[in-house]
Amino acid sequence: MSSKSTNPLELGRSLSVPNVQELAQSDQISERYFRPEVDVAPVASIDEDELPVIDLMKLLNPELIDKDELFRLGLACKEWGFFQLINHGIPEEVIEKTKDDIKKFFKLPLKEKEAIKQLPGHIEGYGQIFVHSEEQKLDWADVLILNIQPSQNRDMRFWPTNPTTFRDTLDTYAIKIGKVVDCLYGLMAEDLGVDPQDMLNIFRDQMQSVRINYYPPCKQAKKVLGLSPHSDGIALTVLLQANDVNGLQIKKNDKWLLVKSKPNALIINIGDMMEILTNGKYKSIEHRAIINMEEERLSIATFHLPSIDVLLRPFPELVNSDGELYKTISAKEYTREYFAGKLNGKNALESMKLRK
Ligand SMILES: O=C(O)CCC(=O)C(=O)O
Ligand SMILES: [Fe+2]
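- An unreviewed UniProt entry lists the protein under the name Fe2OG dioxygenase domain-containing protein, with Dendrobium thyrsiflorum as the source organism.
- According to UniProt, the comment filed for the protein under the heading Sequence similarities (unreviewed entry) is "Belongs to the iron/ascorbate-dependent oxidoreductase family."

Right under this line is the structure:
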């Protein structure tokens, strides 16, 4: 049985909001979705070869090993906080099946999707999160949030049974993603010069959850946002765009850049907890999702964080004469704070900085 003290998703609350996929059928759009302050047009698209592309095979396969690739991985984590991972070893069938089952779930009639709706006061299930007031601006999206690891945190009431393969598909996908993430931790330790055992200890009882995002098209796409600017409040995220519609933008040098997702690549990003653990060496970057006028967009973000009792403190090798740059906080307290706010850039992380 899930226990309250170990389940990160039980640390959050959110008010319930209308179903956006339904709202998208009508011509009337409520003011609550309009973001007059936001210019959703990206300044530039990031070409595939601009956003760092890291080849996992060149980092793991002894016959292909390329030391420069490790340097590039480190640079991507330090300067971009985002990269695309290719040759990650997850079979194409697994990726395609995952995309397929997600699409099928969101195609179901509302009533069927609502069978796994979030319960009042909970964030696991189908609905939306980070909504704390009736006045707050809303994101143009519906989400499905599920705990994956540790498996005792799984609440099967919220796992779709239609399509019938959904549960197995998600389980297979998430386990494979978890393995890729474990490899990345090892490589990051090597890049950072951190004792690999310390990295392993932090993530030994790693927690994993998913947020599946469904962004309906919107006739006034330029006036709404699919996902408000935020950095991820965990250690590492793996994002898979589930259809061929781009919409992820990342903030670099104060400009919003559109990420063009490579087919079958995984988009990896550093989260707030990794920024804290690396004493600011690796950057958790603000990002957001924009909406398309004609086409829906789907993505699945898989979040990884240490067991919530772990204290987030920089690895000793990364603390220089300036000392630790962030307050020491448990993963549990950080998660609680993150969920207590609305999504607002890097606010949660900023509040952890010892020097501004
Ligand atoms: O849909 C996307 O591209 C972004 C998703 C995301 O940032 C998230 O779920 O945290
Ligand atoms: Fe995110």
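Focus on the coordination of the iron ion (ligand 2)
Then comes step 1: The iron ion (ligand 2) binds to the protein through His 230 (NE2), Asp 232 (OD) and His 287 (NE2); the donor distances cover 2.1 to 2.2 Å.
Then comes step 2: Within one chain, the residues donating to the iron ion (ligand 2) are spaced in sequence as H-x1-D-x54-H. Here His 230, found in strand E7 (residues 227-230), pairs with His 287, found in strand E12 (residues 287-289); they are 57 residues apart in sequence, far enough to count as distant. An identical accessibility class is assigned to His 230 and His 287; each is buried.

A few points about the side chain of Arg 211
Then comes step 1: Locating Arg 211 in the fold gives a position in strand E6 (residues 207-215).
Then comes step 2: In this structure, Arg 211 is buried with no salt-bridge partner, the nearest side chain bearing the opposite charge being Asp 139 at 5.2 Å.
Then comes step 3: Only 2.8 Å separates the side chain of Arg 211 from the side chain of Asn 213, close enough to count as a polar contact.

As for the pairing of strand E3 (residues 82-86)
In regular strands, side chains alternate between the two faces of the sheet.
Then comes step 1: Among the five residues that make up E3, four are buried, leaving the element largely enclosed by the rest of the structure.
Then comes step 2: When strand E2 (residues 53-55) meets E3, the two strands line up parallel, connected through three bridges. Bridge pairing in E3 places Asp 55 opposite Ile 86.
Then comes step 3: As defined by bridge partners, E3 adjoins strand E11 (residues 266-270) across four bridges and the pair is classed as antiparallel. Note on E11: the bridge partner recorded for Phe 82 is Asn 269.

Focus: the site of ligand 1
Then comes step 1: Every one of the 13 residues lining ligand 1 counts as a neighbour, but Tyr 215, His 230, His 287, Arg 297 and Ser 299 are closest to it.
Then comes step 2: For ligand 1, whose accessible area on its own is 290 Å², the fraction buried by protein is 97%.
Then comes step 3: When atom positions are compared with the pocket grids, ligand 1 is found to occupy the largest cavity.
Then comes step 4: Within the residue set of the shell around ligand 1, elements represented by two or more residues are E6, E7 and strand E13 (297-305).
Then comes step 5: When residues of the shell around ligand 1 are assigned to their parent elements, the largest contribution, four residues, is made by E13.
Then comes step 6: Of the residues belonging to the shell around ligand 1, the class tally is six nonpolar, four polar and three charged.

The rules behind these values
Residues numbered from 1 in each chain as written. Chains lettered and ligands numbered in written order. Predicted model: local features only at pLDDT ≥ 70, side-chain atom pairs only at ≥ 80, totals over all residues. Heavy atoms only, no water. UniProt positions renumbered as here; feature names shortened; annotations may be inferred. Donors = N, O, S within 2.8 Å, 3.2 Å for Na, K, Ca; no water. Helix = DSSP H or I, 4+ residues; strand = E, 2+ residues; numbered from the N terminus. Buried < 20%, exposed > 50% of the residue type's maximum accessible area, 1.4 Å probe, protein only. Lys, Arg positive; Asp, Glu negative; His and termini not counted. Salt bridge = Lys/Arg side-chain N within 4 Å of Asp/Glu carboxyl O. Polar contact = N/O pair within 3.5 Å; in protein donor to acceptor, adjacent residues only side chain to side chain. Pairing = 2+ DSSP bridges. Near = heavy atom within 4 Å. Areas by Shrake-Rupley, 256 points an atom, 1.4 Å probe, with all protein chains shown as cover. 1 Å grid on protein atoms, 1.4 Å probe; cavity = no way out; pocket = protein on both sides within 12 Å on 5 of 7 lines; lining within 4 Å. Sits in = over half its atoms within 2 Å of the grid points. Nonpolar A, V, L, I, M, F, W, Y, C, P; charged D, E, K, R; others polar.

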